[in-house]
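Here are the chains, one letter per residue:
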Number of protein chains: 2
Amino acid sequence: MAKVQLGPSRSIYPMPALLVGANVNGKPNFMAVAWGNMACAEPPMATVAIRTSRHTHTGIEQNRTFSINVPSTDLVKETDYCGVASGARADKVKNCRFTVFYGKLDTAPLIEQCPINIECSVVHSLELGSHTLYVGRVEEVHASSDCLTDGRLDLDKVRPFSFLGEPAQQYHAVGEFQGKAFSIGLELKSREKPG
Amino acid sequence: MAKVQLGPSRSIYPMPALLVGANVNGKPNFMAVAWGNMACAEPPMATVAIRTSRHTHTGIEQNRTFSINVPSTDLVKETDYCGVASGARADKVKNCRFTVFYGKLDTAPLIEQCPINIECSVVHSLELGSHTLYVGRVEEVHASSDCLTDGRLDLDKVRPFSFLGEPAQQYHAVGEFQGKAFSIGLELKSREKPG
């Protein structure tokens, strides 16, 4: 199979569509972030990469806390708006009609309309260039009660969505089931050869 | 809307299903990783979080290089197998029938069958607890020529897939189109109120 070189591009697919929150000058603000993920299991930590010019960056620097809100497909427009607008010029909370609440941390604003809300306190930050990578300890996770089934998160109710970066630049729902993790690969164990 | 507290859980959805490669004692090995993403645009950098007990962790520590390979839905079984098997006991490359190649870095093995291959050299590593977070500078990206249309990546041909963590633990294809990024949110600009 022939390979072509694309240069050092941004080519991880698919990425989560997230809304990262921070209080900036005491006021809640949110931005769309695709460059976030979990980073550690014990203790639970998550990362977000934030462009240094963003209003959210100012807020995280002020309080060393942030939130990660997982929007559902109901909120695709609001998520994208939070990516194109700047909290320095517009009140995104009002314009999106978000209801903001706080959990354990006084400075990590959470969006009630998002089915999952993750509160983080910064434990590391790395200045990488255009972006700062924040590593946050997960202090608490809140879930909308109508997205649970038998007390556990039900992802069919959460309906998270993904962002496909360049060249697509599109949001997509979670698609067809492809297999159970830690299970579908076990049949390859039968042809295992020692290492 | 009522919220319930889930505790400090791992609740980011959806995550990318990736195969991270490293040479361990000079031999290529791959593991399934969902905790990876981009971290910086200029210069391009990516992160992967690797459990310290993993064979891949040993390899990244030995060479300070790794690869991120984006598998297509054709490789769901192989991806999952690389998550459940250990390179300390099995030859995953043989068992998955992967063809390995190298690009700019001599110690970042790449999988020919994966449509996208990203070579990284470690610029930061953070010991977070159960996992080490590696930040790698993207040195080169390779793409399978049959996944391009007019010289650009065509994600309908790449067919990347996502991992939904607990409690689902499932792989899913990229689903229905939800909107164009940096565009669908613009209609909310019309009701913008100053910040």
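Residues numbered from 1 in each chain as written. Chains lettered and ligands numbered in written order. Predicted model: local features only at pLDDT ≥ 70, side-chain atom pairs only at ≥ 80, totals over all residues. Heavy atoms only, no water.

Draft legend 1. Representation of the relation of the copies chain B and chain A. Mapping chain B onto chain A is achieved by rotating through 180° and translating by 0.0 Å along the same axis, at an RMSD of 0.0 Å. Taken together, the rotation and translation relating the two chain copies correspond to the operation of a two-fold axis. Distance from the rotation axis, computed per C-alpha, reaches its smallest value in chain B at glycine 175 of chain B: 1.7 Å. Taken together, the interface assignments show that 100% of the residues at the interface of chain B recur at the interface of chain A, consistent with an identical surface on both copies. (Least-squares fit on C-alpha atoms with pLDDT ≥ 70 in both. Contact = heavy atoms within 4.5 Å.)

Draft legend 2. Up close: the interface of chain B and chain A. The interface is formed by 115 residues belonging to chain B together with 115 residues belonging to chain A. Here chain B meets chain A over a buried area of about 10100 Å², counting both sides, of which 63% is carbon and sulfur. If you sort the residues of chain B by the area they bury against chain A, Lys3, Ile12 and Leu128 of chain B come out on top, with a joint share of 7%. Joining chain B to chain A, the criterion identifies six salt bridges. When the shortest N-O distance is used, the salt bridge between lysine 77 of chain B and glutamate 187 of chain A registers 3.3 Å. Scanning the region where chain B abuts chain A turns up 56 residue pairs in polar contact (both at pLDDT 80 or more). Its residues assigned to classes, the side of chain B that touches chain A shows 62 nonpolar, 29 polar and 24 charged. Note: strand β1 (residues 3-5) of chain A against strand β11 (residues 131-144) of chain B, three bridges, orientation antiparallel. When the bridges of β11 of chain B are listed, glutamine 5 of chain A appears paired with histidine 142 of chain B. (Buried area = accessible area lost by both parts, 1.4 Å probe. Salt bridge = Lys/Arg side-chain N within 4 Å of Asp/Glu carboxyl O. Polar contact = N/O pair within 3.5 Å; in protein donor to acceptor, adjacent residues only side chain to side chain. Nonpolar A, V, L, I, M, F, W, Y, C, P; charged D, E, K, R; others polar. Pairing = 2+ DSSP bridges. Helix = DSSP H or I, 4+ residues; strand = E, 2+ residues; numbered from the N terminus.)

Draft legend 3. Summary view of the side chain of serine 67 of chain B. Residue and element names in this part refer to chain B. Within the element layout of this structure, serine 67 appears in strand β7 (residues 65-70). In terms of polar contacts, serine 67 uses its side chain to reach the backbone carbonyl oxygen of proline 109, at 2.6 Å. Beyond its immediate chain neighbours, meaning those up to four positions away, serine 67 contacts Leu19, Val20, Gly21, Phe30, Ala108, Pro109, Leu110 and Ile118.

Draft legend 4. Local environment of the pattern of salt bridges. Per the counting criterion, the structure on display carries 16 salt bridges over all chains. Note that glutamate 42 of chain B is salt-bridged to arginine 10 of chain A, the shortest N-O span being 3.2 Å. Residue glutamate 42 of chain B is located in the loop between β5 (36-40) and β6 (45-51), and its partner arginine 10 of chain A is located in the loop between β1 and β2 (15-16); the two belong to separate chains. The class for glutamate 42 of chain B is partly exposed, based on a relative accessible area of 39%. The exposure class of arginine 10 of chain A is partly exposed, given its relative accessible area of 30%. A salt bridge links glutamate 42 of chain B to arginine 51 of chain A, with the nearest nitrogen and oxygen atoms 3.3 Å apart. You can see glutamate 42 of chain B sitting in the loop between β5 and β6 and its partner arginine 51 of chain A sitting in strand β6 (residues 45-51), one on each of two chains. Beyond isolated ion pairs, a larger network of salt bridges with shared partners links Arg10, Arg51 and Glu166 of chain A together with Glu42 of chain B. (Buried < 20%, exposed > 50% of the residue type's maximum accessible area, 1.4 Å probe, protein only.)

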